[in-house]
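Summary of the model geometry
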Amino acid sequence: YKDALELFLPKALALGEIGLDGYRSPVTKKQIFLFQEQLEIALTYKKPVLIHTRNASKATIDILKKFSGKFVIHSFTGDPDILELGLDKNAYFGINGMITFAKNIELQASLKHIPKERILVETDAPFLSPIRGQTNYPQNSTLIMNKIHTLLETDMSEVILENTKNFLGDLY
């Protein structure tokens, strides 16, 4: 996989999503090794990284504490430990359709602690639709944006567009 990754990475805007997933089974040493290796490759090519973490917060945090590159926490759930790490590392936070769910109080509350210049909107289509039970589509990003606008009581449209440019840097 490494040869293929290094072949395409020079033309890529970012590397990801990469990370750890302990949802179906516990995180393995191999997952950890591959994640660390992929982070090193991202540093070598000076690419920002999209981080996936699910049921693996502690291991993800331990690894990212040592990472010096730019990254976004993809599909941020509101996990307070991941929030703290992201704030400490000046990370970006990907906010998706989960923010629109009334019962997702932890995510909605944590949004208020994220600097506005670190918020990105993502759909994770076809998953995590802001409309429960429906397939997600990129155009649903407006529903996510509207909810962020409501929660933060400010129009974030221009800020989030600028954040995307800043995250991707000269690559955008």
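Fair warning: this is a prediction, and the values are worked out from it, not measured in the lab.

Criteria and cut-off values
- Residues numbered from 1 in each chain as written.
- Predicted model: local features only at pLDDT ≥ 70, side-chain atom pairs only at ≥ 80, totals over all residues.
- Heavy atoms only, no water.
- Helix = DSSP H or I, 4+ residues; strand = E, 2+ residues; numbered from the N terminus.
- Rg over C-alpha atoms; globule rule 2.2 N^0.38 Å.
- Buried < 20%, exposed > 50% of the residue type's maximum accessible area, 1.4 Å probe, protein only.
- Areas by Shrake-Rupley, 256 points an atom, 1.4 Å probe, with all protein chains shown as cover.
- Lys, Arg positive; Asp, Glu negative; His and termini not counted.
- Charge placed at Lys NZ, Arg CZ, Asp CG, Glu CD.
- Pairing = 2+ DSSP bridges.
- Axes fitted to C-alpha atoms, helices over the stretch in contact; angles between N-to-C directions.
- Arc of directions from axis to C-beta.
- Contact = heavy atoms within 4.5 Å.
- Polar contact = N/O pair within 3.5 Å; in protein donor to acceptor, adjacent residues only side chain to side chain.
- Parallel < 35°, antiparallel > 145°, perpendicular 65-115°, else oblique.
- Nonpolar A, V, L, I, M, F, W, Y, C, P; charged D, E, K, R; others polar.
- Salt bridge = Lys/Arg side-chain N within 4 Å of Asp/Glu carboxyl O.
- Right-handed = clockwise from strand over helix to strand, strands pointing away.

Below, the discussion takes up the overall build of the protein chain. Scanning the protein chain for helices and strands turns up seven helices and five strands. For the protein chain, the sequential pattern of α-helices and β-strands runs α-β-α-β-α-β-α-β-α-β-α-α. A globule of 172 residues ought to have a C-alpha radius of gyration of about 16 Å, and the protein chain, at 16 Å, matches this closely. Put simply, the protein chain has 172 residues, and 42% of those count as buried. For the protein chain, the computed accessible surface area is about 9800 Å², with 54% contributed by carbon and sulfur atoms. In the protein chain, which carries 20 positive and 20 negative side-chain charges, the distance between the mean positions of the two groups comes to 3 Å.

What follows is about the sheet that holds strand S5 (residues 119-121). Think of a sheet as strands paired side by side through backbone hydrogen bonds, with each pair either parallel or antiparallel. Spatially, the five strands line up as an open sheet ordered S1-S2-S3-S4-S5, and their pairing is parallel. For this open sheet the edge positions go to strand S1 (15-21) and S5, each flanked by a neighbour on one side alone. When strand polarity is set aside, the average angle formed by the axes of neighbouring strands in this sheet is 30 degrees. Of the pairings in the sheet, the one linking strand S4 (residues 92-95) to S5 comprises three bridges and is parallel in character.

Residues of helix H4 (residues 80-88) that are buried include every one of Ile 82, Leu 83, Leu 85 and Gly 86, and no others. Burial along H4 is one-sided: seen end-on, the buried residues are contained in an arc of 165 degrees. Along its buried surface, H4 packs onto strand S2 (49-54), helix H3 (57-64), strand S3 (71-73), S4 and helix H5 (105-111). A distance of 2.7 Å separates the backbone nitrogen of Asp 81 from a side-chain oxygen at the start of H4, and that oxygen is part of Asp 79.

On to the packing of H3 against H4, then. To characterise two packed helices, one gives the angle between the axes of the helices and the distance between these axes. Here H3 crosses H4 at 10 degrees, and the two axes come no closer than 10 Å. Here H3 lies roughly parallel to H4, going by the angle between them. On the side of H3, the interface is formed by Ser 57, Ile 61 and Leu 64, while H4 contributes Asp 81, Ile 82 and Leu 85. Within the contact of H3 with H4, the residues separate by chemical class into four nonpolar, one polar and one charged.

Applying the stated criterion to the full structure yields three salt bridges. In this structure, Lys 2 and Glu 37 form a salt bridge, with 3.7 Å as the shortest nitrogen-oxygen distance. Of this pair, Lys 2 sits in helix H1 (residues 2-8) while Glu 37 sits in helix H2 (residues 29-44), placing them 35 residues apart in sequence. Residue classification places Glu 37 among the buried positions, given a relative accessible area of 16%. A salt bridge links Lys 58 to Asp 62; the shortest N-O distance between them is 3.0 Å. On the criterion of helical spacing, the pair formed by Lys 58 and Asp 62 is a turn pair, its members being four residues apart in helix H3. Relative accessible area serves as the criterion here: at 61%, Lys 58 is assigned to the exposed category.

For S1 and S2, the ladder comprises six bridges, and the chain directions are parallel. The residue of S2 that forms the bridge with Leu 15 is Val 49. As a crossover connection, the stretch from S1 through H2 into S2 is right-handed.

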